[in-house]
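# Geometric and topological summary
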Amino acid sequence: MASAPPPDDAPAVENGHGHDNGNGNGPSPPAKRPRAVISAAEIRAEFAHHDAAVARVNNGSFGCCPASVLAAQARWQHLFLAQPDAFYFHGLQQGLARSRAAVAALVGAGDVSEVSLVDNATTAAAIVLQHAAWSFAEGRFARGDAVLMLHYAYGAVKKSIHAYVARAGATVVEVPLPFPVASADAIIAEFRAALDVAKAGGRRVRLAVIDHITSMPSVVIPVKELVAICRNEGVDRVFVDAAHSIGQVPVDVQDIGADFYTSNLHKWFFCPPAVAFLHTRKGDPVAAQLHHPVVSQEYGNGLPMESGWIGTRDYSAQLVVSEAIDFVNRFEGGIEGIRIRNHEKVIEMGRMLAEAWRTFLGSPPELCGSMVMVGMPGCLGIESDGDAMRVRTMLRKDFQVEVPIYYNSRRVEGQEMAKDKNGDPVTGYVRISHQIYNVKEDYERLRDAVNKLVSEGFTSSKLQPSEKVLSQLKRFKKLWCDDLPANQHSLEDTVADYLGVGRVTTASAAVATMA
């Protein structure tokens, strides 16, 4: 088994112990010495590469990676560049096996063969959904059989469901979850009702895709209970998209009982981007039929091997899982201690913001991990996804605060729109994260920025393009293209530059107004 490169101060010892002997395995690390619990100063040093000018309360989107793990990654990268052939033939697969074994132990897998390493949860979803699409195409599933997913499933996964299985003939049924949400029971009730719809007329439910923690809005889903319902109701397979879970909530894949379970290691477990795992159940015949969408010479050798070589690329993020585990073990209680402290802090900061803004949390603490949704003052008038993005961009540019904003446009039948203490409907929510590098001042800057906007009578409509701008945008459309869909990307880039937003997604909202 390959060893990770040692710390920079590792002693050089002959016979390959402490220096690379050219076989590609990498140098062996020195004997580990007991370390004291990490100090606040050491935490700051580990994340000194973060932009100190920005209040970064958005760990959920991209995660974070400490300097010590980045250094280990850089040593793996250098090892590959120094002697790629030796690295490929003698080091890579051993290193990946070492990481897979670490993940298997971390999540309670029954065997290391159940764990494959992939780039991210979106890739894992593609692997599972590709098999479902083949099952429709090859006649194992009947056209019209159902696939069930949450309404708040991650956008890329929802699109993958339509791209793979709906196109192949599946009926896609969404679970219309309430938000704000009051309890796990409310989620379970909606899931049962949607499952009844999926099974109507004797239809088979071939796959249920369930989030462990939804992304936007962020809610911890009672996933074990929903998996059990699927088993009792005859759902063929269950895929848990747990992109945010490891490091936020306890994960025991055998206890959860899903057929497929994936989580990113770069979001809440301190690995560099991008690395995730996909867990399957040993002995499940379907597991042997899963294939990576990128086909290499490893095709047919099992998903762990297929995923372990998808062509020449940088595999270093997948080789430092053990170093990330070493990092979290420098904290009191390890990853569980980190998880508990992050949860307590994010609830504390969420309540501070809600009190200052006279609003509320989007879900009770027991349905939060290290992220929480906080209602924004209704007077801000966030009335669209475009409004939410424009306000987010303004907070970044004008206040140096990085936080996602969610526009709550959809209500479950019978659920009234929640209002703040001033009686205004709350349509906008911030999703705040807490990670070990965050300090109270980060959240106070967000609080004060929003309070300043309220005191100045700001509404999101002030950020919307004026009639003059819209007229000019329509001129862009006429001059730029006759066929908007074919040239929309270029048009959106131009609009983004014109509006000064620097984001195609924001410009998309402007382009949409031209229709």
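Residues numbered from 1 in each chain as written. Predicted model: local features only at pLDDT ≥ 70, side-chain atom pairs only at ≥ 80, totals over all residues. Heavy atoms only, no water.

Under an unreviewed UniProt entry, the name given to the chain is Aminotransferase class V domain-containing protein, and the organism recorded is Eragrostis curvula.

## Overview of the sheet that holds strand β3 (residues 146-150)
Strand pairs in the sheet, formed through backbone hydrogen bonds, run parallel or antiparallel to each other. Here 7 strands make up an open sheet; going across it, the order is β2-β8-β7-β6-β5-β3-β4 and the pairing mixed. Since the sheet does not close on itself, it has two edges, and those belong to β2 (115-118) and β4 (171-175), each with one partner. Shown here is a sheet whose adjacent strand axes are inclined to one another by a mean of 20°, direction ignored. Pairing of strand β7 (residues 260-264) with strand β8 (residues 276-280) involves 5 bridges; the strand directions are antiparallel. (Pairing = 2+ DSSP bridges. Helix = DSSP H or I, 4+ residues; strand = E, 2+ residues; numbered from the N terminus. Axes fitted to C-alpha atoms, helices over the stretch in contact; angles between N-to-C directions.)

## Some remarks on helix α5 (residues 121-137)
Taking 1.5 Å of rise per residue, 17 residues should cover 24 Å, and α5 covers 24 Å from first to last C-alpha, within 8% of that figure. Most of α5 is tucked away: 14 of the 17 residues are buried. Of the residues one or two after α5, G139 is the one with positive phi, at around 90°. (Expected span 1.5 Å × (residues − 1). Buried < 20%, exposed > 50% of the residue type's maximum accessible area, 1.4 Å probe, protein only.)

## Observations concerning the pattern of salt bridges
Applying the stated criterion across every chain yields a total of 23 salt bridges. Ionic pairing is found between K282 and D111, a salt bridge with its closest N-O pair at 3.6 Å. With K282 in the loop between β8 and α10 (303-307) and D111 in the loop between α4 (84-107) and β2, this pair connects stretches of sequence that are 171 residues apart. The exposed category is assigned to K282, whose relative accessible area is 58%. Ionic contacts of the salt-bridge type, sharing partners, join the residues R231, R237, D259, R281 and D284 into one network. (Salt bridge = Lys/Arg side-chain N within 4 Å of Asp/Glu carboxyl O.)

## Topic: the sheet that holds strand β12 (residues 428-433)
Strand order in the open sheet formed by 3 strands is β9-β12-β11, with antiparallel pairing between adjacent strands. The sheet is open, and its two edges are formed by β9 (371-375) and β11 (405-407), each paired on a single side. The sheet shows a mean angle of 30° between the axes of neighbouring strands, direction not considered. With 3 bridges joining them, β11 and β12 adopt antiparallel strand pairing. Bridge pairing links Y407 to G428 in β12.

## Description of empty space enclosed by the protein
Per the stated rule, a full pass over the model turns up 3 cavities of 30 Å³ or more. The volume enclosed by the largest cavity comes to roughly 50 Å³. Residues belonging to the lining of the largest cavity are distributed by class as follows: 8 nonpolar, 1 polar and no charged. (1 Å grid on protein atoms, 1.4 Å probe; cavity = no way out; pocket = protein on both sides within 12 Å on 5 of 7 lines; lining within 4 Å. Points joined across faces, edges and corners; volume = space filled by probe spheres on them. Nonpolar A, V, L, I, M, F, W, Y, C, P; charged D, E, K, R; others polar.)

## Considering unusual backbone geometry
A cis amide bond links F179 with the next residue in sequence, P180, at an omega value of -5°. Its location among the elements puts P180 in the loop between β4 and α7 (184-198). With an omega of -5°, the peptide bond running from M216 to P217 counts as cis. Following the sequence through the fold, P217 ends up in the loop between β5 (205-211) and α8 (223-232). Positive phi, close to 60°, is recorded for R358, a residue that is not glycine. By the secondary structure assignment, R358 is in the loop between α12 (334-357) and β9. The partly exposed category is assigned to R358, whose relative accessible area is 38%.

## Topic: the packing of α7 against α8
At their nearest, the axes of α7 and α8 sit 11 Å apart, and the two run at 25° to each other. Relative to α8, the element α7 lies roughly parallel. With respect to the hand of their crossing, α7 and α8 are arranged in right-handed fashion. In this structure, α7 contributes I188, F191, R192 and L195 to the contact, and α8 contributes E225, L226, I229 and C230. (Parallel < 35°, antiparallel > 145°, perpendicular 65-115°, else oblique. Left-handed = near helix turned anticlockwise from the far one by under 90°. Contact = heavy atoms within 4.5 Å.)

## Regarding the pairing of β2
The two faces of β2 match: V115 and L117 on one face and S116 and V118 on the other face are all buried. Alignment of β2 against β8, held across 4 bridges, turns out to be antiparallel. When the sheet's bridge partners are listed, V115 is paired in β8 with H279.

## Some points on the side chain of H50
Relative to the helices and strands, H50 resides in the loop between α1 (40-46) and β1 (55-56). If near-sequence neighbours (up to four positions away) are discounted, H50 is found in contact with R56, C64 and Y437.

## Comments concerning the nonpolar core
Soluble globular proteins tend to bury their nonpolar side chains together. Counting residues in each nonpolar core, the largest one holds 83 residues, and the members touching the most others are L148, F191, I210, L265, F270, F277 and F327. Element by element, the count of residues in this core is highest for α4, at 7 residues. Summarising the domain contributions, this core has at least three residues from each of domain 1 (79-327) and domain 2 (334-463). Setting aside its immediate chain neighbours within four residues, L148 contacts V173, V175, F191, A194, L195, A198, V205, L207, A208 and V209. Counting 33 residues, the second largest nonpolar core, distinct from the first, contains M376, M394, V450 and L453. (Core = buried A, V, L, I, M, F, W, Y, C linked by side-chain atoms within 4.5 Å. Domains from an automatic or database assignment.)

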